[in-house]
Amino acid sequence: MLNSKIPAGPLDQKWTEFKGHCKLVNPANKRKLEVIVVGTGLAGASAAAALGELGYKVKAYCFQDSPRRAHSIAAQGGINAAKNYQNDGDSVFRLFYDTIKGGDYRARESNVHRLAEVSVNIIDQCVAQGVPFAREYGGLLSNRSFGGTQVQRTFYAAGQTGQQLLIGAYQALERQIALGNVAMYNRHEMLDVVKIDGKARGIIVRNLVNGQLERHFGHAVLLCSGGYGNVFYLSTNAMGSNVTAAWKAHKKGAYFGNPCFTQIHPTCIPVSGDHQSKLTLMSESLRNDGRIWVPKKQNDTRRPNEIPEEERDYYLERRYPAFGNLVPRDVASRAAKERCDAGYGVGSSRQAVYLDYADAIQRYGKGEVNKRNIQGATAEQITQLGKEVVKEKYGNLFDMYEKITGENPYEVPMRIYPAVHYTMGGLWVDYELMTSVPGLYALGEANFSDHGANRLGASALMQGLADGYFVIPYTIGNYLADEIRTPAIPTDHPAFVEAEKEVADRIDHLISIKGSQTVESFHKRLGKIMWDKCGMARNEEGLKKAIEEIRQLKKEFWSDVRIPGAVNEMNPELDKANRVADFIELGELMCIDALNRRESCGGHFREESQTEEGEALRDDANFSYVAAWEYGGDHNWNLHKEELNFDVAKPTQRSYK
């Protein structure tokens with residue numbers, strides 16, 4: 001049975017009650033306890049730094065050459081916190097409510113409220129670390145709006161917030177490494193979890209430099225390995241991002257929660273051809289000032305600046321007047337797809353819409369003219385001053401767009417289209433972030449817990465740092481307090497030997513296939529199946545077909561993949577093959593989960609379940625639960641349901657009109 005371990009009492013007191021009554025480990029005992037942290041992005045680096053600071057013996061692993069390479073650096077737009085610096089009506093409750101509603105009522109209330117509570121501490125922590133958040137003229141931290149909210153609660157550092165936050169966490173981690181509290185293993189990839197007497201007691205890793213397998217013990221194992229968006233091949237994720245750590249845990253007994261819940265981000269540079277291996281995200285912060293539109297005429301081939309104002313359809317402002325261009329990501333993505341499918345798309349592919357900054361440039365320019373008391377300013381002066389303000393706020397994003405497309409977005413509207421971005425699904429965890437395997441935890445994007453069926457912008461960074469800095473230091477103590485008499489288990493224990501043998505046998509099998517097809521070709525084919533049949537829109541027939549196709553692809557992969565090189569050496573193609581094999585299995589489960597969930601919610605549009613206006617139609621009577629899947633062998637999973645109860649945020653039909 002699933003036990004979410006949600007504390008009793010009123011929603012806004014649960015976390016306080018937990019902290020007041022959880023078990024503690026005294027400092028002398030912490031020095032005897034070893035904790036493994038897999039992944040050193042925001043969640044992993046902050047957890048390793050926090051636990052090292054507390055005195056635990058921490059071992060941290062990343063497959064990159066440095067924790068600073070973690071995909072967290074790619075987060076551009078900002079981090080949410082309920083500070084209410086703008087005095088515009090924000091509060092902990094409003095952040096909680098926006099997050100629950102934005103996730104289409106498919107998240108656990110207690111976890112989301114805790115996230116909103118600790119958000120205020122995150123900003124103070126990061127400022128103390130020296131994170132260079134943008135500031136107002138008077139020195140106060142600046143905020144901007146993101147989709148799904150009507151307040152300004154997003155803290156940012158130009159268009160590189162993730163990078164700056166990661167550097168802050170990295171500094172904290174490096175300090176603990178220098179003090180000897182954290183041992184850092186770069187270029188090591190986790191390939192299995194070791195269980196002893198039902199508890200997670202270590203991991204098997206592959207040294208990616210020399211190909212050697214290694215065994216490592218820990219009293220507890222924390223998985224902070226990010227999301228699995230690369231199952232779609234084309235996504236905004238770094239090309240190395242993968243599901244392997246979480247998938248190995250899943251096959252060792254950890255339930256996988258809501259695997260079909262992936263996020264489609266509305267502001268991505270459109271696909272330009274078959275040669276592409278990844279997509280580039282333009283920050284959602286651009287929707288803060290940019291206006292999204294398409295021509296009112298179908299198949300209009302004119303350049304955007306040749307289309308007069310009256311012939312432009314600002315369709316988000318028209319359809320959702322209360323939120324306009326700041327509707328949540330799922331709503332904006334589906335609306336863009338609908339316009340393009342209806343023949344109003346722009347660009348050579350017709351699979352794009354415009355994101356236009358002309359109005360913002362004029363608005364900011366006039367503001368600067370007034371501020372500087374410039375009399376009789378010319379149109380050119382106003383435009384130039386406006387561009388300077390936009391450059392200060394979003395300059396690196398505009399530069400990135402111009403570098404990729406060759407177009408100047410200050411002069412011509414950007415072209416954007418939805419793309420796979422984040423994953424709300426992940427390993428099922430209870431309130432304490434522990435998976436269904438005792439001693440095995442999942443933090444950040446690797447777990448399912450806080451975002452429901454759709455993540456609001458700027459909430460990923462918030463969750464990663466909340467889990468690492470402010471949640472796991474309390475909850476892990478509740479478990480480790482009972483482990484202080486457990487001595488370090490030698491890695492020649494039969495469970496370690498057996499786990500390493502399983503990993504070695506799989507690697508040997510892969511390299512011995514000597515087929516004719518590249519790993520990349522299999523990944524690309526999997527991605528096409530997933531995007532076409534389990535992407536923004538899905539239906540029963542397509543999902544059933546996808547499951548058949550993925551099973552066939554798996555057979556073909558294990559009989560005809562070709563991996564050059566040897567096992568005991570640096571072999572990136574072998575590393576990739578391991579990951580793609582896991583993606584294929586995950587893809588099958590995602591389609592099974594999507595087929596089982598016969599409702600539209602968040603960004604997951606079942607064509608059989610929609611309102612008369614074509615909006616997503618939830619089925620709360622039958623699907624108000626977390627789908628937690630237990631691995632039962634090849635092509636076989638068992639469904640466990642965690643019912644979702646809403647005592648405070650009562651589910652309603654989402655409306656942003």
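The structure contained in this document is the topic of the report that follows. Keep in mind it's a predicted model, so treat the numbers as computed, not measured. (Residues numbered from 1 in each chain as written. Predicted model: local features only at pLDDT ≥ 70, side-chain atom pairs only at ≥ 80, totals over all residues. Heavy atoms only, no water.)

## Considering the overall build of the protein
No. 1: In terms of regular secondary structure, the protein is built from 17 helices and 21 strands.
No. 2: Taken along the three principal axes of its C-alpha coordinates, the protein extends 80 × 55 × 50 Å.
No. 3: Burial analysis of the protein (657 residues in total) assigns 60% to the buried set.
No. 4: When contacts within the protein are restricted to residue pairs at least 6 apart in sequence, those whose partners lie at least 24 apart make up 74%.
No. 5: On the protein, roughly 24,800 Å² of surface is accessible, and the fraction owed to carbon and sulfur atoms is 48%.
No. 6: Put simply, the protein has 80 plus and 82 minus side-chain charges, and the middle of one group is 2 Å from the middle of the other. (Helix = DSSP H or I, 4+ residues; strand = E, 2+ residues; numbered from the N terminus. Buried < 20%, exposed > 50% of the residue type's maximum accessible area, 1.4 Å probe, protein only. Contact = heavy atoms within 4.5 Å. Areas by Shrake-Rupley, 256 points an atom, 1.4 Å probe, with all protein chains shown as cover. Lys, Arg positive; Asp, Glu negative; His and termini not counted. Charge placed at Lys NZ, Arg CZ, Asp CG, Glu CD.)

## Let's talk about unusual backbone geometry
No. 1: Its identity as a non-glycine residue notwithstanding, tyrosine 105 has a phi of 55°, on the positive side.
No. 2: Mapped onto the elements, tyrosine 105 comes out in the loop between helix H4 (92–102) and helix H5 (109–129).
No. 3: Look at tyrosine 105 and you get buried, because its relative accessible area is 0%.
No. 4: Its identity is not glycine, yet asparagine 299 carries a phi of approximately 50°, on the positive side.

## Topic: the sheet that holds strand S20 (residues 625–631)
No. 1: Read across the sheet, four strands follow the order S16-S10-S20-S21 without closing on themselves; strand pairing throughout is antiparallel. Each edge of the open sheet carries a strand with a single partner, namely strand S16 (426–427) and strand S21 (637–643).
No. 2: Both S20 and S21 contribute to a ladder of seven bridges, which runs antiparallel. Looking at S21, one finds that glutamate 630 is bridged to asparagine 638.
No. 3: Sitting on the sheet, helix H7 (residues 244–251) is in contact with strand S10 (256–257), S16, S20 and S21, with an inclination near 75° to S20.
No. 4: Along the sheet, helix H16 (residues 572–596) makes contact with S10, S20 and S21, crossing S20 at roughly 140°. (Pairing = 2+ DSSP bridges. Axes fitted to C-alpha atoms, helices over the stretch in contact; angles between N-to-C directions.)

## Comments concerning the sheet that holds strand S1 (residues 34–38)
No. 1: The parallel open sheet is built from five strands, whose spatial order is S5-S2-S1-S9-S17. Two strands close off the open sheet at either side, each with one partner strand: strand S5 (182–185) and strand S17 (440–442). In this sheet, adjacent strand axes meet at a mean angle of 20° when their direction is disregarded.
No. 2: Two elements, strand S2 (residues 57–61) and S5, share four bridges in a ladder whose sense is parallel. The residue of S5 that forms the bridge with alanine 60 is methionine 184.
No. 3: Packed on one face of the sheet, helix H3 (residues 42–54) meets S1, S2, S5 and strand S9 (220–223) and runs near 165° to S2.
No. 4: Its contacts with the sheet put helix H12 (residues 460–480) on S1, S9 and S17, and the angle it makes with S9 is roughly 150°.

## Looking at the packing of aromatic side chains
When we look at a pair of aromatic rings, we describe it by the centre distance and by the angle of the planes.
No. 1: Using the criterion set out here, one finds 26 aromatic pairs in the structure.
No. 2: Ring centres of tyrosine 228 and phenylalanine 256 lie 5.6 Å apart, and the angle between their planes is 65°; on these two criteria the pair is classed as edge-to-face. Taken together, the residues span a long stretch of sequence, with tyrosine 228 in the loop between S9 and H7 and phenylalanine 256 in strand S10 at a distance of 28 residues.
No. 3: What links up through ring pairs into an aromatic cluster is the set Tyr228, Trp247, Phe256, Tyr631 and Trp637.
No. 4: Over the aromatic face of tyrosine 156 sits the side chain of arginine 144, whose NZ or CZ is 3.7 Å from the ring centroid.
No. 5: Positioned over the ring face of tyrosine 422 is arginine 455, at 4.1 Å from the centre of the ring. (Phe/Tyr/Trp six-rings, centres within 6.5 Å; stacked < 30°, edge-to-face > 60°. Lys NZ or Arg CZ within 6 Å of the ring centre and 35° of its normal.)

## Digging into the pattern of salt bridges
Oppositely charged side chains may form a pair once their charged atoms are brought near each other.
No. 1: A complete count under the given rule lists 58 salt bridges for this structure.
No. 2: Where arginine 319 meets glutamate 615, a salt bridge forms, and the shortest distance between an N and an O atom there is 3.8 Å. Highlighted residues: arginine 319 in helix H8 (residues 315–319) and glutamate 615 in the loop between strand S19 (605–606) and helix H17 (620–623), separated in sequence by 296 residues.
No. 3: For arginine 319, a relative accessible area of 21% puts it in the partly exposed group.
No. 4: Note on glutamate 615: relative accessible area 12%, which makes it buried.
No. 5: One salt bridge connects aspartate 620 with arginine 618, and the closest N-O pair in it is separated by 2.9 Å.
No. 6: Aspartate 620 sits in the partly exposed class, given a relative accessible area of 30%.
No. 7: Overlapping salt bridges, with partners in common, bring together Asp104, Arg106, Asp330, Arg597, Glu599, Arg618, Asp620 and Arg654 in one network. (Salt bridge = Lys/Arg side-chain N within 4 Å of Asp/Glu carboxyl O.)

## What to know about the nonpolar core
No. 1: Judged by nonpolar contacts, the single largest core of 156 residues is most densely connected at Ile79, Leu222, Tyr441, Ile476 and Phe557.
No. 2: With 13 residues, the single largest contributor to this core is H16.
No. 3: Not counting residues up to four positions away in its chain, the partners in contact with isoleucine 79 are Ile122, Ile123, Phe133, Arg153, Thr154, Phe155, Thr161, Leu165, Ala458, Leu461, Met462 and Leu465. (Core = buried A, V, L, I, M, F, W, Y, C linked by side-chain atoms within 4.5 Å.)

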